[in-house]
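Residue-level listing of the chains:
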Amino acid sequence: MSDVKTLYRQSDAMGLADHVRAGDVSSLEVAEAAIETIEALNPQLNSVICKLYDLGREAAAKTDTSAPLAGVPFLLKELASNWAGVQATNSSKFLKNNVAAQDSHLTQKIKAAGLTLLGKTNAPENGWSIATEPALYGPTLNPWDPKVTPGGSSGGSAVAVATGMVPIAEASDGAGSIRVPASCCGVVGLKPSRGRVSLAPFADYWAGGAYFLCNTRTVRDTAAYLDAVSGALPGDPYPVAAVSDTFGELARRPPNGLRIGYTVTAPNGAPVDPEVKAAVLAVAKQLGALGHEVEEKDMALDAENLWQTYTDMTCVETAGMFDFMETLENRKVSPDDVEPVTWAIIERGRATPATAHAGRVESIRQAARAIVQDLWPFDVYVTPTLTQRPRPVGFYDMGMTDLDAYNALWADSVFGFPFNVSGQPAMSLPFCQFSDGLPLGIQLIGRPGDDAGLLALASVLEQVMPWKDRHPLTSSFGDTDGK
């Protein structure tokens, strides 16, 4: 088992699948190595809040070794995606007894890819935080420093990947929730283009603002997962052009002569940590040295006004979601069922006139067009992922009752939500680290639909970024023997 554990610790998802296909190791042996790692590390971190080991062992025993990610251990996020027969609480007391009746479309694709589900990861209630501290399950801690947040809302997934519990975990993003924890934990996090991954059985979340993908350790794993789960269903509201080859293959083709823009100025006027600025400037310099045309360009965006509009829109969407959940629970939601911020969101959403909501959706769609047009001269745009280093645990407090004061705390991720609005692919890459050793992610944004181009450039940067010397694959997190 020690050899299997070493192989597990040192392999990314693609590497593990190759070993399973070659017969070097069985899917069941890989699953047991993952379970042992989770059991050793999770008690200190609270990343995995639902363990499904027997389900995983059963699936591993009948793995289709021809599947692209055959036998790779996987964790689903406790938010929105449904796995038949498994709890689906959205980390909310109101839904604590809810069990998924059927698989979502995304889950069907995950299963077809050969991934082995071993559990579900922690998330804030309904995803409404860039930390991961739900009252129902308690906080997830950052493995680099347990005093600071691992980010959210996919914090449980990012921690599981960073520490080697699993090489891939599901993540989702309505205002930075794939990219923020990727930055805080030192992993890769791509928010794909709008429409790239179907939301079925739902048609839409948050007026096109919500996206599903993953956190991984390597760019090639992200590309492989995107290959496995991408593709629209006929009639989906946001069709996007198919790519000419697999994302995995396209990511291996180094791009030449790109025009790249960058900024270190927050579009809401908020301060940016000097070390964050230095990281973005270092990336810009590196890209110039690789032969690309690089130009500083600040965003022409009233981010503060757009954030308020976006927030108010999502309040209505959230209230509507709870109206639907009330039909499943056969009772009305009350303040005792949810965290204070969530109740404030529901109340604001229910008090919003339909005409006001329609006007905000239209404003958001006009802003999306303006963002894309503003950055259209560039093949790739580079920004900070977060304006500040990871905040202390408890900083983003969903126990607050003042919704506007709570939303003001999200200024740290002001570079995140505009690309939920615009639909462009956006990726946080763990470029370097702060002086205190915490990970520091930078964000790459592509043209609408150009997920492949973004992955190709990230693959090049991955080979030269300073963080590669502290890559999770070479860290001691996954070494459950303490060697």
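Residues numbered from 1 in each chain as written. Predicted model: local features only at pLDDT ≥ 70, side-chain atom pairs only at ≥ 80, totals over all residues. Heavy atoms only, no water.

## Some details on the overall build of the protein
Definition in use: The secondary structure listing takes helices from DSSP runs of H or I that are at least 4 residues long and strands from runs of E that are at least 2 residues long, numbered from the N terminus. Both definitions apply: the radius of gyration is a C-alpha atom measure, and the globule rule equals 2.2 Å times residues to the power 0.38. Summary of the burial criterion: residues with accessible area below 20% of their type's maximum are buried, those above 50% are exposed, and those between are partly exposed, where the area comes from a 1.4 Å probe applied to protein chains only. In what follows, residue pairs with any heavy atoms lying within 4.5 Å of each other are defined as contacts. Surface accessibility follows the Shrake-Rupley procedure with a 1.4 Å probe radius. Residue values consider only the protein chains on display as shielding. Only four residue types enter the charge count, namely Lys and Arg as positive and Asp and Glu as negative; His and the chain termini do not. The atoms used to mark charge sites are NZ of Lys, CZ of Arg, CG of Asp and CD of Glu.
When you go through the protein residue by residue, the secondary structure sums to 16 helices and 11 strands. Relative to its length of 483 residues, the protein is compact, with a C-alpha radius of gyration of 21 Å against a globular reference of 23 Å. Summarising its shape, the C-alpha atoms of the protein cover approximately 60 × 60 × 45 Å along the three principal directions. Residues counted as buried form 62% of the 483 residues belonging to the protein. Excluding contacts between residues fewer than 6 apart, the proportion of contacts in the protein whose partners are at least 24 apart in sequence is 79%. Accessible surface for the protein amounts to roughly 17200 Å². Of this, 52% is attributable to carbon and sulfur atoms. Of the charged side chains in the protein, 38 are positive and 55 negative; the average position of the first set lies 1 Å away from that of the second.

## Observations regarding the environment of Pro 167
Mapped onto the secondary structure, Pro 167 falls in the loop between α6 (155-162) and β4 (168-173). Between the alpha carbons of Pro 167 and Ile 260 there is a distance of 30 Å; along the sequence they are 93 residues apart.

## Some thoughts on a nonpolar patch on the surface
Selection criterion: Surface patches are defined over residues having more than 30% relative accessible area and no salt bridge, joining like charges when they lie within 9 Å and nonpolar side chains (Val, Leu, Ile, Met, Phe, Trp, Tyr) when within 5 Å. One speaks of a salt bridge when a side-chain nitrogen belonging to Lys or Arg is within 4 Å of a carboxyl oxygen belonging to Asp or Glu.
Where nonpolar side chains cluster on the molecular surface, the patch consists of Phe 202, Phe 324 and Leu 328 and spans about 260 Å² of accessible area. With respect to the secondary-structure elements, Phe 202 resides in the loop between β5 (188-191) and β6 (211-216).

## With respect to the packing of aromatic side chains
Stated precisely, the cut-off is as follows: Ring geometry is summarised as follows: Phe, Tyr and Trp rings, the Trp one being its six-membered ring, pair when their centres sit within 6.5 Å, and such pairs are stacked at plane angles under 30 degrees, edge-to-face over 60 and tilted between the two. Distance and angle both matter: a charge sits over a ring if NZ of Lys or CZ of Arg is within 6 Å of the ring centre and within 35 degrees of the ring normal.
Per the counting criterion, the structure on display carries 13 aromatic pairs. Considering the side-chain rings of Trp 206 and Tyr 310, the 6.3 Å spacing of their centres and the 85° angle between planes classify their relative orientation as edge-to-face. Note that Trp 206 is positioned in the loop between β5 and β6 and Tyr 310 in helix α11 (residues 303-329), a separation of 104 residues in sequence. As far as burial versus exposure is concerned, Trp 206 and Tyr 310 are alike and both buried. What links up through ring pairs into an aromatic cluster is the set Trp 128, Trp 206, Trp 307, Tyr 310, Tyr 406, Trp 410 and Phe 417. Above the ring of Tyr 238, the side-chain terminus of Arg 194 is found at 5.5 Å from the ring centroid. A cation over a ring is seen here: Arg 447 above Trp 376, with NZ or CZ 4.5 Å from the ring centre.

## Thoughts on the sheet that holds strand β8 (residues 293-296)
The test is simple: Two strands pair if DSSP finds at least two bridges between them. Here, axes are lines fitted to C-alpha atoms. For helices the fit covers the stretch in contact, and angles between N-to-C directions go from 0 to 180 degrees.
Judged by pairing direction, the sheet is mixed, and its 11 strands sit side by side in the order β1-β3-β2-β4-β6-β5-β10-β11-β9-β7-β8 without closing on themselves. For this open sheet the edge positions go to β1 (48-51) and β8, each flanked by a neighbour on one side alone. Averaged over all pairs of adjacent strands, the angle between their axes in this sheet comes to 30°, without regard to strand direction. The strands touched by helix α4 (residues 53-60) within the sheet are β1 and β3 (116-121), with β3 carrying the most contacts at an inclination of about 160°.

## A closer look at the confidence of the model for the protein
Worth spelling out the cut-off: The score called pLDDT rates the predictor's confidence residue by residue, from a low of 0 to a high of 100.
Model confidence for the protein is summarised by a mean pLDDT of 95, while 96% of its residues fall at 70 or above. Taken as a whole, residues 471-475 scores under 50 in pLDDT and shows 15 contacts with residues more than four places along the chain or in a different chain.

## Quick look at unusual backbone geometry
Negative phi is the rule for most residues except glycine; trans is the rule for most peptide bonds. Going from Gly 152 to Ser 153, the amide bond is cis rather than trans, its omega being 5°. Turning to its location among the elements, Ser 153 is positioned in the loop between β3 and α6. A cis amide bond, omega 15°, links Ala 200 with the succeeding residue Pro 201. Position of Pro 201 relative to the elements: it lies in the loop between β5 and β6. Notably, Ala 80 is not glycine yet its phi reads approximately 80°, a positive angle. Mapped onto the fold, Ala 80 is located in the loop between β2 (73-77) and α5 (105-112). Backbone geometry at Ser 91 places phi at a positive 55°, although glycine is not the residue there. Relative to the helices and strands, Ser 91 resides in the loop between β2 and α5.

## Points about the side chain of Asp 312
Counting through the fold element by element, Asp 312 comes out in helix α11. Excluding its chain neighbours within four sequence positions, the residues that come into contact with Asp 312 are Arg 348 and Arg 360.

## Details of the pattern of salt bridges
Tallied over the full model, the rule gives 30 salt bridges. Residue Glu 249 pairs with Arg 253 through a salt bridge whose shortest N-O separation is 3.5 Å. Sharing partners across several salt bridges, the network here consists of Asp 245, Glu 249, Arg 252 and Arg 253.

## What to know about helix α13 (residues 354-375)
Residue pairs three or four apart in sequence face the same way in an α-helix, which turns once every 3.6 residues. Rules: Here the expected span of a helix is defined as 1.5 Å times the quantity of residues minus one. The arc under discussion is defined with respect to the helix axis, by the directions toward the C-beta atoms.
When the terminal C-alpha atoms of α13 are compared, their 32 Å separation across 22 residues agrees well with the 32 Å that a helix rising 1.5 Å per residue should span. Among the residues making up α13, those that are buried are His 357, Val 361, Ile 364, Ala 367, Ala 368, Ile 371, Val 372, Asp 374 and Leu 375. Looking straight down α13, one finds its buried side chains confined to an arc of 155°; they lie on one side. Exposed side chains of α13 directed beyond 90 degrees from the buried face belong to Thr 355, Arg 369 and Gln 373.

## Concerning the pairing of β6
In terms of burial, β6 is a largely internal element, 6 of the 6 residues being buried. Across 3 bridges, β5 lies against β6 in antiparallel orientation. From the neighbouring strand, Gly 189 faces β6, where its bridge partner is Asn 215.

## Section: the pairing of strand β10 (residues 426-433)
Among the 8 residues in β10, 7 count as buried, and that is most of the element. Both β10 and strand β11 (residues 439-446) contribute to a ladder of 7 bridges, which runs antiparallel. Paired with Met 427 across the two strands is Leu 444, which belongs to β11. What sits between β10 and β11 in their antiparallel hairpin is a turn of 5 residues, with Gly 437 showing a positive phi close to 95°.

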